[in-house]
Each structure stands twice: as C-alpha cells, then as structure tokens.
Amino acid sequence: MKHNSGVHWLFRGLALASCPVLAACGTTPDHSAQHHAPAAAEQANSDAGQMNMGDPSATPADKIPGAHLRTNQFNLLRTRPPGTDNAAGSAWLATHPSGTTVTLQMTGLQPGENYIAHLHAKPCAEDNGGGHFKFDPAGPATPPNEVHLAFTADQTGNGFMTANNDRQADGAESVVVHPAVLTDNRVACADF
Ligand SMILES: [Cu+2]
C-alpha cells in the first residue's frame, strides 16, 4: 500500500509539473479531457484572430460534475425585433475549478437567423441586463475577456450553444440574446 501510494504521488507530481492546467492532465476522467480539449484549441485560435464564440458539442453546463450551477428561463425583452414574440428557453451558468461554462437552449427563434448571446453585468430588470460582463473591467469587449455564444436557429427556430472560459464569471448577473446583425435589439434575458 505505502509503495503504491508513493508511486501515485510521484506520478501526480510529474503530471502537475508537465501540465499547466490541472483539469487537462491525464489524471482526470475522459469526460473532462474531452470537455477541455476544444477550449484549448479555441484559445489557440483566438491568438490567431478567431474568438471563442462557443462550441455546440462541448459538455453542457448542467452536465459538469461538481459545478456550482445556476439556471433560469429567458424572459422576452421589449427591445426584441419583429418575429421573436415566441422566443423562449433556458440558460445555465456553471462555475467550477476549470472556469465557467454557459449553455443556452431556445425555441421560437427565426429559422436560419444568426444570434449572439453574452454574459451581462446587470440583472434583466436593470437596463435589460446592462453592459457585458467582463473579467477584467478595463480589458477588451471580446472573448476571452467576455463570454460570447454565437449560434444559428435551425429550421424549426431552435437554438443551442455552450461556451467555456477558463476564469470563473462570479460577477455575471444575466445572459442576453441578440440578433447577430442588430445587437441593440435585445431579444430575451435570463437572470442568474
Ligand atoms: Cu449582450
């Protein structure tokens, strides 16, 4: 027993030393490794000019073990554009040791329309969510300093997206969905 334990800790020490992110090490379950591989790829891409705007195949926020999970339904906003009166759905915000995961699932959107959602800094009842939540208030209005989810409604008007960030968005109060072409026309908001 003692011998095995010593080997175990030696292995952990090597894994930690060779791996900057604990969750990406070989000691974590496959589930977690799959979850983090796309985020790492997106982070690399962002350095080349592409931003992390979500990954529909990422592990949804409500499926992350041990996370602090908050969820709520979307409420329509008066600023919504024509054709979105039936928009509805739910949003989930999970914070966990590896950062933040946001998932949204919507119905009643315009089929084929592009949408973008962000974490916002205020509750829905205050200025329709106010400005974007930023990890660094003085930083840029783009991922990874903000959390954005870009998605296209399918032919039945359903939308689904998950986005990850390696920091914990503890100050985010809401998520707001906008038409991608008219981001002032806020469609719906969910409080966290
Ligand atoms: Cu927004």
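In the block above lies the structure referred to throughout.
Conventions and cut-offs
- Residues numbered from 1 in each chain as written.
- Predicted model: local features only at pLDDT ≥ 70, side-chain atom pairs only at ≥ 80, totals over all residues.
- Core = buried A, V, L, I, M, F, W, Y, C linked by C-beta atoms within 7 Å.
- Buried ≥ 20, exposed ≤ 12 C-beta atoms within 10 Å, placed from the backbone.
- Helix = DSSP H or I, 4+ residues; strand = E, 2+ residues; numbered from the N terminus.
- Pairing = 2+ DSSP bridges.
- Axes fitted to C-alpha atoms, helices over the stretch in contact; angles between N-to-C directions.

*Asks:* Can you tell me about the nonpolar core, naming the residues and giving the values?
*Replies:* Of all hydrophobic cores here, the largest spans 34 residues; its most connected members are Phe74, Leu93, Val102, Leu104, Val175 and Val177. Looking at this core, the elements with two or more residues in it are strand E3 (88-96), strand E4 (99-107), strand E5 (114-120), strand E6 (148-152), strand E7 (159-165), strand E8 (174-179) and strand E9 (188-191). Tallying contributions element by element places E3 first for this core, with four residues.

*Asks:* Lay out the sheet that holds E7 in plain terms, naming residues and giving numbers.
*Replies:* With respect to topology, four strands assemble into an open sheet ordered E1-E3-E4-E7, the strand pairing being antiparallel. Strands at the two margins of the open sheet, each flanked by one partner only, are strand E1 (68-73) and E7. Along the sheet, successive strands turn relative to each other by an average axial angle of 10 degrees, direction set aside. Of the strand pairs in this sheet, E1 and E3 are connected by six bridges, and their pairing is antiparallel. Pairing of Thr71 across the sheet is with Trp92, part of E3.

*Asks:* Describe the sheet that holds E9, listing the residues and the values that go with them.
*Replies:* Across the sheet, five strands lie side by side as E2-E9-E8-E5-E6; this open sheet has antiparallel pairing. Both edges of this open sheet fall to strand E2 (75-76) and E6, since each of them pairs with a single strand only. Here four bridges tie E8 to E9, and the two strands are oriented antiparallel to one another. Bridged to Val176 within E9 is Cys189.

*Asks:* Quick rundown of the environment of Thr59? Include the residues and the values.
*Replies:* Inspection of the secondary structure assignment puts Thr59 in the loop between helix H2 (30-47) and E1. We classify Thr59 as buried; it has 20 C-beta atoms within 10 Å. In this structure, the C-alpha to C-alpha distance between Thr59 and Val102, residues 43 residues apart in sequence, is 9.9 Å.

*Asks:* Which residues make up the pairing of E4, and what values do they have?
*Replies:* Every regular strand shows the same layout, with side chains that alternate between the two sheet faces. For E4, a buried count of seven out of nine residues is recorded, marking the element as mostly surrounded by other parts of the structure. Two elements, E3 and E4, share nine bridges in a ladder whose sense is antiparallel. Paired with Ala91 across the strands is Leu104, a residue of E4. Turn length for the E3-E4 hairpin, with the two strands adjacent in sequence and antiparallel, is two residues. When E4 meets E7, the two strands line up antiparallel, connected through seven bridges.

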